[in-house]
Amino acid sequence: RASDHDFTQSVGEVRQGHHVCQDLYRLRQALNREASAVLDTMSFRLPGPSRSGRVMERIVILGGGFAGLTLATELDRLAADGMAEVTLVERNASFQMGFSIQWVLADRRTPEQGQRFYSTLKAPHVRFLHDEVASIDTSARTVHTKAHDLDYDRLVVALGAELALELVPGLAEGAYNLCDVSS
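Keep in mind it's a predicted model, so treat the numbers as computed, not measured.

Conventions adopted
Residues numbered from 1 in each chain as written. Predicted model: local features only at pLDDT ≥ 70, side-chain atom pairs only at ≥ 80, totals over all residues. Heavy atoms only, no water. Helix = DSSP H or I, 4+ residues; strand = E, 2+ residues; numbered from the N terminus. Buried < 20%, exposed > 50% of the residue type's maximum accessible area, 1.4 Å probe, protein only. Contact = heavy atoms within 4.5 Å. Areas by Shrake-Rupley, 256 points an atom, 1.4 Å probe, with all protein chains shown as cover. Polar contact = N/O pair within 3.5 Å; in protein donor to acceptor, adjacent residues only side chain to side chain. Pairing = 2+ DSSP bridges. Axes fitted to C-alpha atoms, helices over the stretch in contact; angles between N-to-C directions.

Colleague: Any details on the overall build of the protein? Residues and values, ideally.
Modeller: Helix and strand counts for the protein come out as four helices and nine strands. What you see in the protein, going N to C, is helices and strands ordered as α-β-α-β-β-α-β-β-β-β-β-β-α. When burial is assessed residue by residue, the protein has 31% of its 183 residues classed as buried. If you take every contact in the protein between residues at least 6 apart in sequence, the share linking residues at least 24 apart comes to 63%. Split by element, the accessible area of the protein, about 12,000 Å² in all, is 53% carbon and sulfur.

Structure follows, in structure tokens:
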């Protein structure tokens, strides 16, 4: 039989999970609005013909976090229609859902349970490139990765944030990074 403490703790976790889900839902709505705004500003007439002879926009998305994945998913339908050639560049092989780290810290889940591999991306017409950006030449409209040169008509930089824990004395040694399960 569960004790009152266990029940109260479980109810608290459910409430916390509910708030996390609400926050994620609001984030997803905001990202969808931003992706729609990006789509609304794009004119798909600039580049040369595609393999099928149709004019195709070359779109490179740097970063496979929430913003990059949302945009790639939204652009998948344009790629399927031959209106865009979409490439998502990400240096990691998998996406670690940041909110799942709280459960890892509480020993309720393993890091692998919050991990999703980009190879299972549900945007079949988006090319996923597991590579790291080395430089961007905006005048030549080319992204140089460690292994490829990618020409683009549209470039989306969605690399996310990098924490600078060293700027707060003692933070790196005495705090958990809730954005990185490996830390």
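Once you've had a look at it, read on.
Colleague: Lay out the side chain of threonine 142 with the relevant residues and their values.
Modeller: You can see threonine 142 is positioned in strand E7 (residues 142-145). Residue classification places threonine 142 among the buried positions, given a relative accessible area of 7%. Among the polar contacts listed, one links the side chain of threonine 142 to the side chain of aspartate 151, at a separation of 2.8 Å. Contact partners of threonine 142, with chain neighbours within four places excluded, come to Ser135, Ile136, Asp137, Asp149, Leu150, Asp151 and Tyr152.

Colleague: Account for the sheet that holds E7, naming residues and giving values.
Modeller: Taken together, three strands build an open sheet; the order of strands is E6-E7-E8 and the sheet is antiparallel. A single partner strand is all that each edge strand has here, and the edge strands are strand E6 (133-137) and strand E8 (149-151). Each strand axis lies, on average, 20° off the axis of its neighbour in the sheet, ignoring direction. As paired strands, E7 and E8 are joined by three bridges and run antiparallel to one another. Across the sheet, the residue bridging to threonine 142 is aspartate 151, located in E8.

Colleague: Residues and numbers for unusual backbone geometry, please.
Modeller: Notably, aspartate 107 is not glycine yet its phi reads approximately 55°, a positive angle. Tracing the backbone through its elements, the reader meets aspartate 107 in the loop between helix H3 (101-105) and strand E4 (115-117). Classification of aspartate 107 as exposed rests on a relative accessible area of 69%. Positive phi outside glycine occurs at arginine 141, with the angle close to 55°. Following the sequence through the fold, arginine 141 ends up in the loop between E6 and E7. Judged by relative accessible area, arginine 141 falls into the partly exposed class, the value being 40%.

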